[in-house]
Each structure stands twice: as structure tokens, then as C-alpha cells.
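Okay, here's what each chain looks like letter by letter:
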Amino acid sequence: MPVPVPVGVLRLPRGPDGCSRGFSPASPRFQALLGGDAAAQGVRAALRQRYLRGLAAARGRPTRFCLRAGVRVDAVFGAADVEAVAFQVDALRTPLGVQAAALLRCTDVLAYSFLLD
């Protein structure tokens, strides 16, 4: 039977009140890690939810993408990845021809639009 290898324990420095470990909740470092106040976090969550609902509404619809350098392409919107790195599209119509399926990098997309029924 193998002997388990001991693992060192990382101890945080004592907090400002003397008995806790970690950072003071009022410190600028803790506030930066927290991401700001609760109101700002609520606004960001609401905006994220609206963005995700927009992506869900675009699925399967003809969509126009405005890319860098003034290029406009049309495609059927498929999906977007969680990290917002790429859009998956079908029937991509470009000035050079039609691609059955493609990935558009989000960093190259300036805007996209689709019609709602």
C-alpha cells in the first residue's frame, strides 16, 4: 500500500481584526476581487441575460454580420460559444462565395443584425 505524500498547508496572513484570515472586506484589493458593488454586479447580470436572450432569438435566422474593414456577410446564425470567442454560422455568403459552415471570430465582428418575426 503506497504511503500518502504529505501536502503543505498555505496559511493566509491574519486579517485586520486579528482573528480572521484573508483580506478586509473594506480594502481596495477585496473590492477589486469582488468586482464592485452589488448594484453594478446586478446591472452586469441583467445585461448578460439580455445578450444571451438575443443570441437565443438569433438561432436559425438569417443574419447580417458587419466585419472589420467594412466587409458585410450574410449567414444563418447557429450558435455562440460561452466565452464569446466565435459565432458558428451556416450558409455564409461572402464576396468570394458561399461556405456551408463557418466560425466567425467575435473580435472580427463589429455588429450583427437579424429580423424578429
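Residues numbered from 1 in each chain as written. Predicted model: local features only at pLDDT ≥ 70, side-chain atom pairs only at ≥ 80, totals over all residues. Heavy atoms only, no water.

- As annotated in an unreviewed UniProt entry, the chain is SUZ-C domain-containing protein from Mycteria americana.

## Examining helix H2 (residues 38-58)
Consideration 1: Across its 21 residues, H2 extends 30 Å between first and last C-alpha, which sits within 8% of the 30 Å expected from 1.5 Å per residue.
Consideration 2: Among the residues trailing H2, Gly60 stands out with phi positive, at a value near 80°. (Helix = DSSP H or I, 4+ residues; strand = E, 2+ residues; numbered from the N terminus. Expected span 1.5 Å × (residues − 1).)

## Here's the deal with the pairing of strand E4 (residues 97-105)
Consideration 1: Both strand E3 (residues 86-94) and E4 contribute to a ladder of 8 bridges, which runs antiparallel. By the bridge assignment, Ala86 is partnered in E4 with Arg105.
Consideration 2: Here E3 hands over to E4 after 2 residues, the two strands then running antiparallel side by side. (Pairing = 2+ DSSP bridges.)

## Remarks on the pattern of salt bridges
Consideration 1: All told, the structure shown has 2 salt bridges when counted by the stated rule.
Consideration 2: In this structure, Arg64 and Asp74 form a salt bridge, with 2.9 Å as the shortest nitrogen-oxygen distance. In this pair, Arg64 sits in strand E1 (residues 62-67) while Asp74 sits in strand E2 (residues 72-80), placing the two residues 10 residues apart along the sequence.
Consideration 3: When its relative accessible area of 39% is taken as the criterion, Arg64 is described as partly exposed.
Consideration 4: You can call Asp74 partly exposed: its relative accessible area is 21%.
Consideration 5: Put simply, Arg105 and Asp108 hold a salt bridge, and the shortest N to O gap is 2.7 Å.
Consideration 6: Classification of Asp108 as partly exposed rests on a relative accessible area of 23%. (Salt bridge = Lys/Arg side-chain N within 4 Å of Asp/Glu carboxyl O. Buried < 20%, exposed > 50% of the residue type's maximum accessible area, 1.4 Å probe, protein only.)

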